[in-house]
Amino acid sequence: KLPPQVRRETQERALKELEQALEIWEQFPDAHNQVGKIKFDFKEYPQAAASYKRALELNGSNATYQNNYGTCLFSMGQYAEAEKFFEKAIELNKVYNDALCNLGSVHGTYGEIAMKAGKNEEAAQHFNKAIHYFLETLKVDKDYENAYVFLVATYNNLGRSAEGAPYQTKLDELRKRKGKK
């Protein structure tokens, strides 16, 4: 993994090259997507969103572009809009683990919002939907770390930590295998 400063410099060089490519051919969807990814990494969310949106205008049938735009919208707190793009990504690719996990995160967020508002039944419904999507993610990729992290947190939010415990154990094993703590 690159040190942060080297990563930033590399991304800035790549961004310049992508922008030059777009000057030559503006209708290059993957270049727009890549610009969006870099802007997203820089936490320049409105600029990232504009790039992802342009990629989608050029190729709306690309599940990755759908998911990336949804991720950006989610990061800007636009959960309902993000949800639509994650659903579209899954419609395009039923086994797209990133989109499945992201859709679970939307429902987990909805659950947390409802819980803070004292709407416990609504919270439970969203948390259960989140669990469904996290489990679907793990069917696609049993080593998808974030799905385990979010599953454990969601079970804890529901007050069902005992049900989350096996996933915590699997997460710990996965991290040990990968050399993480």
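Report on the accompanying structure. (Residues numbered from 1 in each chain as written. Predicted model: local features only at pLDDT ≥ 70, side-chain atom pairs only at ≥ 80, totals over all residues. Heavy atoms only, no water.)

## Considerations on the pattern of salt bridges
Just so we agree on the cut-off: By definition here, a salt bridge exists when the distance from a side-chain nitrogen of Lys or Arg to a carboxyl oxygen of Asp or Glu is within 4 Å. Think of it this way: any DSSP run of H or I at least four residues long counts as a helix, any run of E at least two long counts as a strand, and we number them from the N terminus. For every residue, the accessible area obtained with a 1.4 Å probe (protein chains only) is divided by the maximum for its type, and the residue is called buried under 20%, exposed over 50%, and partly exposed between those limits.
Inspection of every chain in the model, using the stated rule, returns 12 salt bridges. Glu 57 serves as the salt-bridge partner of Arg 54, at 3.2 Å between the closest nitrogen and oxygen. Taken as a pair, Arg 54 and Glu 57 lie in helix H3 (residues 45–58) at a separation of 3 residues, close to a single helical turn. What makes Arg 54 partly exposed here is its relative accessible area of 22%. Put simply, Lys 139 and Glu 136 hold a salt bridge, and the shortest N to O gap is 2.9 Å.

## Regarding the nonpolar core
This is how it is decided: Throughout, nonpolar core names a set of buried Ala, Val, Leu, Ile, Met, Phe, Trp, Tyr and Cys residues whose side chains join them through atoms within 4.5 Å. Contacts are assigned to residue pairs that have any heavy atoms within 4.5 Å of one another.
If you look at the biggest cluster of nonpolar residues, it comprises 22 residues, and the most contacted ones within it are Tyr 69 and Cys 72. Taken together, the elements giving at least two residues each to this core come down to H3, helix H4 (63–75), helix H5 (79–92) and helix H6 (97–116). For Tyr 69, the contacting residues outside a window of four places in its chain are Ala 49, Tyr 52, Lys 53, Leu 56 and Phe 85. Ala 130, Ala 147, Val 152 and Leu 174 belong to the second largest nonpolar core, which has 14 residues in total.

## Considering the packing of H3 against H4
Rule in force here: In this description, a line fitted to the C-alpha atoms serves as the axis of each element, helices being fitted only across the stretch in contact, and the angle between N-to-C directions of two axes falls anywhere from 0 to 180 degrees. Every angle not falling under 35 degrees, over 145, or within 65 to 115 is termed oblique; those three ranges are roughly parallel, roughly antiparallel and roughly perpendicular. Note: crossing handedness is left-handed where the near helix turns anticlockwise from the far helix by less than a right angle, and right-handed where it turns clockwise.
With their axes 9 Å apart at the nearest point, H3 and H4 run at an angle of 155° to one another. Comparing their axes, H4 and H3 come out roughly antiparallel. Judged by the twist between their axes, the crossing of H3 over H4 is left-handed. Contact with H3, carried on its side by Tyr 45, Ala 48, Ala 49, Tyr 52, Lys 53, Ala 55 and Leu 56, involves Tyr 65, Gln 66, Asn 68, Tyr 69, Cys 72 and Ser 75 of H4 and no other residues of that element.

## Some thoughts on H4
For the record, the criterion: Expected helix span is given by 1.5 Å per residue-to-residue step, counting one fewer step than there are residues.
Here H4 is 13 residues long and its end C-alpha atoms lie 18 Å apart, about the 18 Å a rise of 1.5 Å per residue gives. Turning to H4, its buried residues are Ala 63, Tyr 65, Gln 66, Asn 67, Asn 68, Tyr 69, Gly 70, Cys 72 and Leu 73. Next to the buried residues of H4 lie helix H2 (29–41), H3, H5 and H6. Trailing H4 by a residue or two, Gly 77 shows a phi angle of about 80°, which is positive.

## Quick word on the environment of Arg 177
Structurally, Arg 177 can be placed in helix H9 (residues 161–178). With relative accessibility at 58%, the residue Arg 177 sits in the exposed group.

## Let's talk about a nonpolar patch on the surface
Stated precisely, the cut-off is as follows: Within the patch definition used here, like charges are joined within 9 Å and nonpolar side chains (Val, Leu, Ile, Met, Phe, Trp, Tyr) within 5 Å, considering only residues with over 30% relative accessible area and no salt bridge. Under the convention used here, a 1.4 Å probe and the Shrake-Rupley method define accessible areas, while residue burial counts only the protein chains that appear.
Together, Ile 24, Trp 25 and Phe 28 make up a nonpolar patch on the protein surface, roughly 360 Å² of accessible area in all. Secondary-structure assignment places Ile 24 in helix H1 (residues 4–24). We classify Ile 24 as exposed; its relative accessible area is 74%.

## Some details on the packing of aromatic side chains
The test is simple: In summary, the pairing rule links any two rings of Phe, Tyr or Trp, Trp by its six-membered ring, whose centres are within 6.5 Å, and it sorts them by plane angle into stacked for under 30 degrees, edge-to-face for over 60 and tilted for everything else.
Within this structure, the stated rule accounts for 7 aromatic pairs. Ring geometry for Phe 40 and Tyr 45: centres 5.1 Å apart, planes at 55°, overall tilted. Ring plane angle 35° and centroid distance 5.5 Å describe the contact between Phe 134 and Phe 150, whose orientation is recorded as tilted. Residue Phe 134 is located in helix H7 (residues 120–140), and its partner Phe 150 is located in helix H8 (residues 145–157); the two are separated by 16 residues in the primary sequence. A relative accessible area of 31% means that Phe 150 is categorised as partly exposed. Aromatic ring contacts, followed pair by pair, group Tyr 148, Tyr 155 and Tyr 167 into a single cluster.

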